[in-house]
Amino acid sequence: CKKDFLDLSPQATSSAANFFQTPSQIEQAVNGAYVPLRDLTNLEYWVYGEMRSDNTSFQYNNTDRGQESQREFVDEFLVSANSESVLSYWQGSYRGISRCNDVLGHVDAVAMTADKKNQYIGEAKFLRAWYYYNLVRQYGGVPLRLESVGSPAEAKSPGRATLDAVYTQIVADLTDAAAKLPTKAAYAAADAGRATKGAATALLASVYLTRKDYPNALTQLRAVRSAGYSLLSSYRSVFDPANKNNAESIFEVQYLGSQPAISSYFTYTFAPYTSGNLVTGDAATRNLNGASGWNIPTPELINAYETGDLRKDASLQLGYKDATGTFVAQPYVSKYNFGIVAPGRTDTDFPVLRYADVLLMQAEVLNEQGYAAGGEAFDLLNQVRRRAGLPDKTAAAVSSQAAFRDAVLQERRVELAFENQRWYDLVRTGRAVSVLNAQGVLEKARKTFLPASAYQVTTNNLLLPIPQYELTLDNLEQNPL
Amino acid sequence: MAQTGPLAGKVLDPKGGPAIGATVVVKGTTLGASVGVDGSFTVVNVPIGPHTLVISSVGYTGQEVAVTVPQAQPLRVTLAENATSLNDVVVVGYGTQKREDVTGALATVNPKALQDLPVATVDQRLTGQVAGVQVSNTTGTPGGGPTIKIRGSGSIGAGDQPLFVIDGFPIASSANQTENPLNLLNPDDIETLTVLKDASSTAIYGSRGANGVVVITTKHGRAGVTNLDVNAYTGIQQVPQKGRPNMLNGQEFAQFRQDIITDAFKARGATPTAADIPVEFQNPAQYGAGTNWYDEIVHVAPQRSVNVSLTKGTEDLRASLSLGYLDQEGTVRYTDYKRYTARLNVEGKVGSKVRLGLNLAPTYGIQKGNDYETGFTDVLSRSLWLSPLVPVTDASGVRTPYVTSPGMYSGPNPLNSLEYSYGTTRRLQGIGGAFAEYTIVPGLRARYNLSINYNNSNNFSFNPSFVGGVNSPPPTIPNSNSSNDQRFNWLSEALLSYDKKLGDNHTISAVAGYSAQKEQYRYQYLNATNYASDDVQTINAASLIPNYNADVQEWSLISYLARVNYAFKDRFLLTGTIRSDGSSRFGANKRYGTFPSVAAGWNIINEGFMQGFKSISNLKVRASYGQTGNYNIGNYTTIANVDASSAAFGGQLAPGRALSSLANPNLTWEKSNQIDAGLDISFWENRLAFTADVYRRITNGILLNNQLPTSSGYSNAIINSGKVLNRGLELALNTRNLAGAFTWNTSLNIAFNHNEVLALNDDNAPIYSGRSGEGSPQHLTQVGHPIGEFIGYVVDGVYATQADFDNSPKHVTSVLGSIKYRDVDGNGVIEATKDFAVIGHAQPNYTWGVTNQFSFKGLDLNVIFVGSQGGQVLKTANQYLLNIDGIFNVDRKVLERWRSPEQPGNGHIPTTNGARVIFRDTNSDWVESGTFARLQNVTLGYHLPAALLTRTGFIKGVRLYASGQNLFLFSNYSGANPEANRNGSSVLTPGEDFLNYPLARTIVFGTNLSF
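Residues numbered from 1 in each chain as written. Chains lettered and ligands numbered in written order. Predicted model: local features only at pLDDT ≥ 70, side-chain atom pairs only at ≥ 80, totals over all residues. Heavy atoms only, no water.

Caption draft 1: Highlighting the overall build of chain A. Tallying secondary structure elements over chain A gives 18 helices and 9 strands in all. Here chain A has a C-alpha radius of gyration of 23 Å; the compact-globule value for 481 residues is 23 Å, and the two agree. With the C-alpha coordinates of chain A rotated into their principal frame, the extents come out at 80 × 55 × 45 Å. Across the 481 residues in chain A, those meeting the buried criterion constitute 61%. Look at the contacts in chain A between residues 6 or more apart in sequence, and 70% of them connect residues 24 or more apart. (Helix = DSSP H or I, 4+ residues; strand = E, 2+ residues; numbered from the N terminus. Rg over C-alpha atoms; globule rule 2.2 N^0.38 Å. Buried < 20%, exposed > 50% of the residue type's maximum accessible area, 1.4 Å probe, protein only. Contact = heavy atoms within 4.5 Å.)

Caption draft 2: Summary view of the nonpolar core. Core analysis: the largest hydrophobic core is formed by 142 residues, its most contacted members being A:Phe126 and A:Ile170. The leading source of residues in this core is helix H6 (residues 114–139) of chain A, at 13 residues. The residues contacting A:Ile170, other than those within four sequence positions of it, are A:Ala129, A:Tyr132, A:Tyr133, A:Val136 and A:Val207. Formed by 33 residues, the second largest nonpolar core is a distinct cluster that contains B:Ala254, B:Phe805, B:Ala832 and B:Leu882. (Core = buried A, V, L, I, M, F, W, Y, C linked by side-chain atoms within 4.5 Å.)

Caption draft 3: The arrangement of the confidence of the model for chain B in detail. This prediction gives chain B a mean pLDDT of 89; 97% of its residues lie at or above 70. Mean pLDDT across the elements of chain B ranges from a minimum in helix H1 (residues 111–114) of chain B, with 64, to a maximum in strand E51 (residues 927–929) of chain B, with 97. (pLDDT = per-residue confidence, 0-100.)

Caption draft 4: Representation of empty space enclosed by the protein in the model. Here the structure, examined in full by the defined rule, presents 14 cavities of 30 Å³ or more. Considered as a void within the structure, the largest cavity measures approximately 340 Å³ in volume. Among the elements of the structure, strand E52 (932–943) and strand E53 (957–971) of chain B are those that each provide at least two residues to the lining of the largest cavity. In the lining of the largest cavity, the residues fall into 8 nonpolar, 15 polar and 1 charged. What the second largest cavity holds in volume is close to 270 Å³. What lines the second largest cavity is a set of 25 residues, among which A:Trp130, A:Arg137, A:Val352, A:Asn420 and A:Gln421 lie closest to the centre. Put simply, the parts of the chain that give the lining of the second largest cavity at least two residues each are helix H2 (23–42), H6, helix H8 (197–210), strand E9 (350–354), helix H13 (355–369) and helix H16 (422–428) of chain A. The residue inventory of the lining of the second largest cavity, partitioned by class, reads 13 nonpolar, 6 polar and 6 charged. (1 Å grid on protein atoms, 1.4 Å probe; cavity = no way out; pocket = protein on both sides within 12 Å on 5 of 7 lines; lining within 4 Å. Points joined across faces, edges and corners; volume = space filled by probe spheres on them. Nonpolar A, V, L, I, M, F, W, Y, C, P; charged D, E, K, R; others polar.)

Caption draft 5: Inspection of the sheet that holds strand E44 (residues 789–792) of chain B at higher detail. All names here are of chain B. Reading across from one edge, E42-E43-E44-E47 is the order of the 4 strands in this open sheet, with antiparallel pairing throughout. Whereas interior strands pair on both sides, the edge strands pair on one side only; in this sheet they are strand E42 (767–769) and strand E47 (837–840). Averaged over all pairs of adjacent strands, the angle between their axes in this sheet comes to 45°, without regard to strand direction. With 2 bridges joining them, strand E43 (residues 779–781) and E44 adopt antiparallel strand pairing. Paired with His779 across the strands is Phe790, a residue of E44. (Pairing = 2+ DSSP bridges. Axes fitted to C-alpha atoms, helices over the stretch in contact; angles between N-to-C directions.)

Caption draft 6: Representation of helix H7 (residues 163–180) of chain A. Residues and elements named next belong to chain A. Taking 1.5 Å per residue, 18 residues should reach 26 Å; H7 reaches 26 Å between its end C-alpha atoms and fits that length. Of all the positions in H7, only Val166, Tyr167, Gln169, Ile170, Val171, Asp173, Leu174, Ala177 and Ala178 are classed as buried. Residues of H7 that are buried in the fold lie against H6 and H8. (Expected span 1.5 Å × (residues − 1).)

Caption draft 7: Inspection of the packing of H2(A) against H6(A) at higher detail. Residues and elements named next belong to chain A. Across the interface, H2 lies against H6 with an axial gap of 10 Å and an inter-helix angle of 20°. Classified by the angle their axes make, H2 and H6 are roughly parallel. As H2 runs across H6, the sense of the crossing is left-handed. Here Pro23, Ile26, Glu27, Val30, Ala33, Tyr34, Pro36, Leu37 and Leu40 of H2 lie close against H6, whose contacting residues are Lys116, Tyr120, Glu123, Leu127, Trp130 and Tyr131. Per-class residue counts for the contact of H2 with H6 are 12 nonpolar, no polar and 3 charged. (Parallel < 35°, antiparallel > 145°, perpendicular 65-115°, else oblique. Left-handed = near helix turned anticlockwise from the far one by under 90°.)

Caption draft 8: Region of the structure containing the packing of aromatic side chains. Residues and elements named next belong to chain A. Enumeration according to the criterion identifies 57 aromatic pairs over all chains in this entry. Arranged with centres 5.8 Å apart and planes meeting at 65°, the rings of Tyr45 and Tyr89 form a pair that is edge-to-face. On the criterion of sequence distance, the pair formed by Tyr45 in helix H3 (residues 44–51) and Tyr89 in helix H5 (residues 84–106) is long-range, its members being 44 residues apart. For the pair formed by Tyr45 and Tyr89, the shared burial category is buried. (Phe/Tyr/Trp six-rings, centres within 6.5 Å; stacked < 30°, edge-to-face > 60°.)

Caption draft 9: How the structure looks around the packing of H8(A) against helix H9 (residues 214–225) of chain A. All names here are of chain A. Remark: H8 packs on H9, axes separated minimally by 8 Å, with the N-to-C direction vectors making an angle of 155°. Classified by the angle between their axes, H8 and H9 sit roughly antiparallel to one another. Our pair here, H8 against H9, has a crossing hand that is left-handed. Mapping the contact onto sequence places Gly198, Thr201, Ala202, Leu204, Ala205, Tyr208 and Leu209 in H8 and Tyr214, Asn216, Ala217, Gln220, Leu221, Ala223 and Val224 in H9. Across the contact of H8 with H9, the residue classes break down as 10 nonpolar, 4 polar and no charged.

Caption draft 10: Focus on the pattern of salt bridges. Residue and element names in this part refer to chain B. Considering all chains together, one arrives at 69 salt bridges over all chains under this definition. Across the salt bridge formed by Arg151 and Asp676, the nearest N and O atoms sit 2.8 Å from each other. Here Arg151 is found in the loop between strand E12 (147–150) and strand E13 (163–166), whereas its partner Asp676 is found in strand E36 (residues 670–683), with 525 residues between them in sequence. Accessibility assignment for this pair places Arg151 and Asp676 in one class, buried. (Salt bridge = Lys/Arg side-chain N within 4 Å of Asp/Glu carboxyl O.)

Caption draft 11: Expanded view of the sheet that holds strand E5 (residues 49–56) of chain B. All names here are of chain B. Ordered by their spatial adjacency, 4 strands build an open sheet running E3-E2-E5-E6, and the pairing between neighbours is antiparallel. Lying at the two open borders of the sheet, with one neighbouring strand each, are strand E3 (32–34) and strand E6 (63–69). Taken over all neighbouring pairs, the strand axes of this sheet differ in orientation by 20° on average, direction set aside. Two elements, E5 and E6, share 7 bridges in a ladder whose sense is antiparallel. Within E6, the residue paired with Pro50 across the bridge is Thr68.

Caption draft 12: Looking closely at the interface of chain B and chain A. Each partner contributes to the interface: chain B provides 81 residues, whereas chain A provides 78 residues. Both faces combined, the contact of chain B with chain A buries some 6500 Å², and carbon together with sulfur accounts for 57% of it. A per-residue breakdown of the area chain B buries against chain A is headed by B:Phe649, B:Arg657 and B:Ser711, which together make up 12% of the total. Taken together, the links from chain B to chain A amount to 2 salt bridges. If you look at where chain B meets chain A, you find 21 residue pairs in polar contact (both at pLDDT 80 or more). Here the side of chain B that touches chain A takes 11 residues from strand E28 (residues 544–568) of chain B, the largest share from any one element. Classifying every residue of the side of chain B that touches chain A by side-chain character gives 40 nonpolar, 27 polar and 14 charged. For strand E1 (residues 14–15) of chain A and strand E32 (residues 641–644) of chain B, the ladder comprises 2 bridges, and the chain directions are antiparallel. The residue of E32(B) that forms the bridge with A:Ser15 is B:Asn641. (Buried area = accessible area lost by both parts, 1.4 Å probe. Polar contact = N/O pair within 3.5 Å; in protein donor to acceptor, adjacent residues only side chain to side chain.)

Caption draft 13: Fine view of the pairing of strand E17 (residues 226–238) of chain B. All names here are of chain B. With 12 bridges connecting them, E17 and strand E18 (residues 301–313) associate as antiparallel partners. Paired with Thr234 across the strands is Arg304, a residue of E18. In terms of strand pairing, E17 meets strand E54 (residues 1001–1010) through 10 bridges, oriented antiparallel. Within E54, the residue paired with Gly235 across the bridge is Val1004.

Next comes the structure, spelled out in structure tokens:
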């Protein structure tokens, strides 16, 4: 009786002692491992994948300077190790990794069918690889944490792993995930959006491409090419929530507009903060605040679209009409604007991997392995261009390996605009320093408030600083700043 | 039939006046009377023969007088004042003790000294009364509470508030800034108040005793006495001018905005044209003073209170009944607090061996508040930074609904927010209980109590469509928030006590007990929106519930306790206490803790050799040592919790869960070891009484919310680690300076406390805490320093000249004229955290209080001063008060800013052109001295002459008084309240002034009537 009197269990939460015991609990734990991905996509992925590149910037908000040191400084290469967003990127990624480790550490002990077990292991490994892939590209070699942490005493990491060790782990996880995961077609409709064999394979290809391992990248890309994915005929419909997980989509971050906690709101974040409800169409929210006006397309990106490119109108707008019908020339990203479900909530998913990306990756890999005038690489590139309403690139116009390299990068810039790819493309192709210093000159001419120290981009800026919080508590070494 | 007769006489106070309120009881009978306005009494129907009369009165030494009926002549008794009478009975934990026998460090608060303070709760009456008890008046929120610390901060992660025990019931939660749980007690119902400070006296509360204990008992009926008392006052409260924020007026602000633009152009070698200046700022002179929003939202507010109490008793049945009403309007418009209290204490005897009792004390409070003390957009802060160019009302007297000027943060008219967008908390709470006591043999008693403490609180706020929010002008969608929480806490307690004198030399008193306590807490929250209109505000009128929450928590505690007091020849005193607590809050491996203590005292005064020192009336030395605990961590912190974390697949919800905390089955209470040595000495028949205590408390295994590397998947976990030292000296002096027709008593106390962290986690990594508006840490706790020192940039002026700028370390955003911080780490670059240094600390060197009481004939005067010396305040409100972005109205200090090398300003305020982010981060210019002295209370009272009252026949006494609270503050601090602390601050983040609800100066007029 006395023991019971003091032995109280929570009623509003579950206790870990009773969790990870049944197949359905394992599935719930797997579902939980997707959640940090959703949180990161909401903010950190575009802040560090697009705003830091030459594709987007921000709308200067003179009435709300609260994000100056968080988001604006990222755009301006002034961000420091103390920035909260530098920490939240790190923390969110590791929260996901920890959840994957919890699944992987417990799944073996739970009796279930081999298919289900393989699926759960595959999903967890795919997600873990994705979180590490983002970490390693942003921070360099990071601590490798592959075991579930069970007590405060285990909280410290073994220190930073080497870049190679992190990539080796990513490749191992993705290889195993690709072997274990079901194909997209094998999933029930209610499971659409889970990690698939195709997603693991495509991500593995992306990893190999980043590592410049072209033969392995090609093997994986060919595997995805034969997995039944295809381009949709309309570019804009790829992103339409009415069309989630379509034939072109290999992996996208799932949102659900009907659930406040799971809905997306890119429409709001990317709308000019001055546009009231004219861009969002949300009658109830007449005023936007400092949470809006982000990821604003730069004039350079707008000019990067060729005349007649159907993707331009589908991706961005040059401005909006104010209440009096006057056009306000304030560009913004409209790619994810498909109306709202309820005030503050949209249903739009966010693309991570899609077939057009695979085509362009393969074109790039083939070209890196050797320029072939009018070869398969041209065909792949032109498949993407044709859908955009653009004429084919011919061998006459693109007559060298270097020219084709430029053509693919240009195509990726507009095809995958605002999909958080540009920064990584610039870095892995070795162009980031020159492109962004040049971009800085243009930005400073436009924004007179920028300090002289902004946009002084060196190779040190290609990695984020390790968060100061983490350095203080763990045995980590800072990146060269 | 036995013959009877009357007993009559007069009871006088030491000045020869009537001892109104004194009671006279014939010992061993139910016969008694209370003393009338002229001091006379008559007891009728007293059996013929010899008797003993027991005469007692609060504040005086009781007397027993032998009498015989019939009387030869009327009795005449003069009572002696007992400021520090040794025969006093002192209430301690689980019992009482004669003051003479006390071995621990404890202090009682003289209820007479505390009457008529126009305060809502008992904690405020403690201000300045006891050495070592620091009551900080952090907020003026009606219904809110101060923060209380006894002997410094011994804990880091588990709170440092003392345990309150009301009529034997340990209250689970203590004071907080917006809601004060002690509202459950009407301060007028208090009979005794004892503060237990050392381990010997608090160890009986075991795992809850480490931060000290305040033991309160409420008024009980007395045999033979009928008293009806009415206390009523009414008065006003106002916000003192001193320390009100000093913002730019309309003209200055328009000019400031114009100058910002001019300076920005100038910095890049250009000159603005008229078109570059918004038209609103082009002609500053048109605005004059403009609007002072802060002055608009504060007002002179009434406060009133009525308490009626009736006590009546016979030898077999005694009762005390009281009713109270408090209505305190806030000095911030449209805020207030109303409280209705009732109390019934009944106690009766069945036969000669059984005593039964019941007490009920429900309290109902209605608190109308707003979102003050929450952040820089709250209604108080907003009233500072809103544009002074916008008038409060238009020409026809209609309030401006929304306040903005070009390029500014905007917000609703704060008067609209206060009047229409408020929150109401309705709280029904109280303590109730019953006991039975059985005297087994004389001296040995068994007692059983069953008590409950319940609290049901309902909070509702509605935001109508026409008010709007910050940067969100009306109309908005009407929405509401409602929350409901229930707390039910029961305590079952069995006690056995034994008091025995063995021969002439040995006195033993002992108590042993068992108790079980359990609390259940339920909480629900609903956020409802899409109301069709503003008319119907209940949730049924809303069409959407976008956010909701619920929680259920329980904790339980099982305890075994024992205490033995032994006295040898009234000279040598020994006390041993032990308590063993088992708590549900702690890990399965460390669930029970045992808390022992010992104390010894030597009443030197009773030694034969003291006979020669006639001037010394008391001399005692005491020493104690013991261990106590602190169990204040949340429930279920020892287990790994799994929370909902759902995903979506296939366009449907896919339920998910994830671990949200780390398990720690070894988690247990923190343990404090405290040693105390004390000296009590009095001279000249207690005309001068002096008490000194030195103590040293080391808290081990501190409950520490340890930050973890987030690569673990977790950012923090509560662990037992670390060690904190508090050592100090407490001095208390009570003097009766003048006796006779004119009396003057003084009590003075002063307490020095030294707080130092001795160890932290394994590697003694310092703890960074607090969070500035820019996300930087604001406080640092490190080994060898006091808890929670302020950290931030060190201001070295501004980059006054180009040469200065070129040759000094810079932040990436620095420009000529911007703020110049010190390069603390010497790496040539200014960076947050790395270039932070310790810039101050909140801990005072000492705190003090002085109470002077004067009386002459019917007049009495009570004056209380309190103060604190050596602490500092971190004025974090500067993050918006000194914001140079131009989006806020700002402190007038900004007029002294750098404009050019020729106009360098005062060297502390930079140009508006750059490095604005780091200028609004914590820096050494925000640290100010928190030293203050406050005239806390002055009360002047007058007893109407008895001759006047005798004619009425039924009024025994009338006293009229005027009382002022918080009358004057002597302080160099630029803000209003050097004791302010940010709402929600922890032990790790002390001393932060982010603009709290203002402390009112209160003046009331009242009367005490007794019938």
